[in-house]
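# Notes for the structure review
One letter stands for each residue in the lines below.
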2 protein chains.
Amino acid sequence: MKTPKISEAVVRRLPVYLRFLNELHKRNILTVSSQDLGQKLNANPAQIRKDLAYFGEFGKKGIGYDVPYLIEKIRQILKLDQVIPVVLIGAGNLGRALCNYNAYLQDNMKIVAVFDASPVRIGEQINNLKVSPIHELKAMIELHKVRIGIITVPALEAQMVANQLVESGIEAILNFAPVIIKVPDSIRVHHADFTTELQSLAYYLETKAQLD
Amino acid sequence: MKTPKISEAVVRRLPVYLRFLNELHKRNILTVSSQDLGQKLNANPAQIRKDLAYFGEFGKKGIGYDVPYLIEKIRQILKLDQVIPVVLIGAGNLGRALCNYNAYLQDNMKIVAVFDASPVRIGEQINNLKVSPIHELKAMIELHKVRIGIITVPALEAQMVANQLVESGIEAILNFAPVIIKVPDSIRVHHADFTTELQSLAYYLETKAQLD
DNA sequence: TAGATTGTTAATCGATTAACAATC
DNA sequence: TAGATTGTTAATCGATTAACAATC
């Protein structure tokens, strides 16, 4: 079943839907309409229906969507119904934070190894993982068939790490370093850059003359 | 000088331009064309020119843009030419990571206080800041005229913290908790949610039948 | 049956890109 | 002057929203 032309915007909304559906599920709510969803997520109901309809007919006319069923379907679409092995490079504060979020990720993404270039960090324990030297990266990726790499090293090292990930056969990268990294077109890169996020937020502050 | 209808997409690109311009500046490159910028940032030159033209005529025909001048202008647009006081709530791993990035933010955003609800964390030192109990939040915001709040508490506490921020007179919120928080329309909220980022990334992985 | 809500087509809206006169 | 590059208008492209027949 090929899904031909799904825009990035659609794909980015699916996890948001999923998260809210999980909440409904926890509260034992069995059915939800696009109306309800839209209200809670500040989204247009038509948009939600259209987004979902790209992937199949998941709802029932007159009724709405079955919550557990829709959860299952979105998890399938996002490939979250399988465990995806992930490596993380950069065992600084941010790297640690992400490792601790690991449990959070509902068991579908598993950080299987953490790397750092700094000798003082190698061997340190983060949760149940030991920080490995970066020269073991390739072997580990191949061994665990790792598919996603998370980069949490300083900006200057990010491109080098990205190169190594690409060489090692990674499929996608989540880059937290505040630089644009260059990779072959076949590798998907997402940016998670909170400095730009924060800076664009500043734009929306009211301009004030007084500064004290 | 009112800028009437600037889209969010435009504002989000400005920090990216700024970061690259800063790099050029460090390398003593004095002039850059939209062509050059576009190439390095994987963007369309026309888009860059248009984005900048919303705010003024910063370039010179036949020459391009003066790097230091454009940096200055973008910093003005993003209000980064003044120090913006920020508070951070949630002194966990992520909160710590952000505090350490503080120095990174080029002196234009300053985390003036860090808060946590957990008694064991109160009094802890993070860089040059001491973790304060959350009941001091309002007083601190008023005292320092804090404008932006960064939420790095667990999902369940995020809405409560957001409420307190709003009551205290904050203008904007950067929310790292994986929930949608409800605030009055006058408050700008940006989401920095890497779990959704990571989940949407999974979508782009090649589908594989074999799972071992 | 009447009311509700989907899936989908058509209409609208907005953002990106191309093209080019102006001009350094 | 000739070449380069801006600022901006017009053309294109894509995404969002409205509307509604189908149907539970």
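In this text the structure is predicted, and so the values were computed from the model without any measurement. (Residues numbered from 1 in each chain as written. Chains lettered and ligands numbered in written order. Predicted model: local features only at pLDDT ≥ 70, side-chain atom pairs only at ≥ 80, totals over all residues.)

## Structural notes on the pairing of strand 9 (residues 172–175) of chain A
Residue and element names in this part refer to chain A. Residues A172 and L174 of strand 9 are buried on one face, and the alternating residues I173 and N175, pointing to the opposite face, are buried as well. Across four bridges, the pairing between strand 8 (residues 148–151) and strand 9 is parallel. Within the sheet, the bridge partner assigned to I148 lies in strand 9 and is A172. Each parallel crossover has a hand, and for strand 8 linked through helix 7 (residues 155–167) to strand 9 it is right-handed. (Buried ≥ 20, exposed ≤ 12 C-beta atoms within 10 Å, placed from the backbone. Helix = DSSP H or I, 4+ residues; strand = E, 2+ residues; numbered from the N terminus. Pairing = 2+ DSSP bridges. Right-handed = clockwise from strand over helix to strand, strands pointing away.)

## Describing the nonpolar core
The biggest cluster of nonpolar side chains holds 114 residues, and the ones touching the most others in it are A:I151 and B:I151. If we skip the residues at most four places from it in the chain, A:I151 touches A:I89, A:G90, A:A158, A:V161, A:A162, A:I173, A:N175, A:F176 and A:A177. (Core = buried A, V, L, I, M, F, W, Y, C linked by C-beta atoms within 7 Å. Contact = placed C-beta atoms within 7 Å.)

## Some remarks on the protein's contact with DNA strand D
In the vicinity of DNA strand D lie 28 residues, with A:S7, A:N44, A:G62, B:G59 and B:G62 positioned nearest. Taken together, the elements giving at least two residues each to the surface near DNA strand D come down to helix 3 (45–53) of chain A together with helix 2 (34–41), helix 3 (45–53), strand 2 (59–60) and strand 3 (64–66) of chain B. With six residues, helix 3 of chain B is the largest single contributor of residues to the surface near DNA strand D. Along the lines of polarity and charge, the residues of the surface near DNA strand D split into ten nonpolar, ten polar and eight charged. (Near = placed C-beta within 6 Å. Nonpolar A, V, L, I, M, F, W, Y, C, P; charged D, E, K, R; others polar.)

## Section: the relation of the copies chain B and chain A
For the pair chain B and chain A, the relating rotation is 180°, the translation along its axis is 0.0 Å, and the fit reaches an RMSD of 0.0 Å. Such a combination of rotation and displacement between the chain copies is what one expects of a two-fold axis. Same-surface contact between copies: 98% of interface residues of chain B are shared with the interface of chain A. (Least-squares fit on C-alpha atoms with pLDDT ≥ 70 in both.)

## Structural notes on the interface of chain B and chain A
Taken residue by residue, the interface counts 47 residues in chain B and 46 residues in chain A. Within the residue set of the side of chain B that touches chain A, elements represented by two or more residues are helix 1 (8–26), helix 5 (93–101), strand 9 (172–175), strand 10 (188–191) and helix 8 (194–203) of chain B. No other element matches the ten residues that helix 8 of chain B contributes to the side of chain B that touches chain A. Split by residue class, the side of chain B that touches chain A holds 29 nonpolar, nine polar and nine charged.

## Regarding the protein's contact with DNA strand C
Taken together, the neighbourhood of DNA strand C is formed by 28 residues, with A:G59, A:G62, B:S7, B:N44 and B:G62 sitting nearest. When contributions to the surface near DNA strand C are tallied by element, the ones reaching two or more residues are helix 2 (34–41), helix 3, strand 2 (59–60) and strand 3 (64–66) of chain A together with helix 3 of chain B. Among the elements that line the surface near DNA strand C, the one with the most residues is helix 3 of chain A, at six residues. Across the surface near DNA strand C, the residue classes break down as ten nonpolar, ten polar and eight charged.

## Regarding the domain arrangement of chain A
Domain assignment breaks chain A into domain 1 (8–77) and domain 2 (84–197). With centres defined by C-alpha atoms, the gap from domain 1 of chain A to domain 2 of chain A works out at 31 Å. (Domains from an automatic or database assignment.)

## Topic: the sheet that holds strand 7 (residues 129–133) of chain B
Pairing in this open sheet of seven strands is mixed, and the strands run 6-7-5-4-8-9-10 (chain B) from one edge to the other. Bordering the open sheet on either side are strand 6 (125–126) and strand 10 of chain B, each of which pairs with just one other strand. Contacts from helix 8 (residues 194–203) of chain A reach strand 4 (84–89), strand 5 (109–116), strand 8 (148–151), strand 9 and strand 10 of chain B within the one sheet, and its direction differs from that of strand 9 of chain B by about 165°. Taken strand by strand, helix 7 (residues 155–167) of chain B contacts strand 4, strand 8 and strand 9 of chain B, and its axis lies near 170° from that of strand 8 of chain B. (Axes fitted to C-alpha atoms, helices over the stretch in contact; angles between N-to-C directions.)

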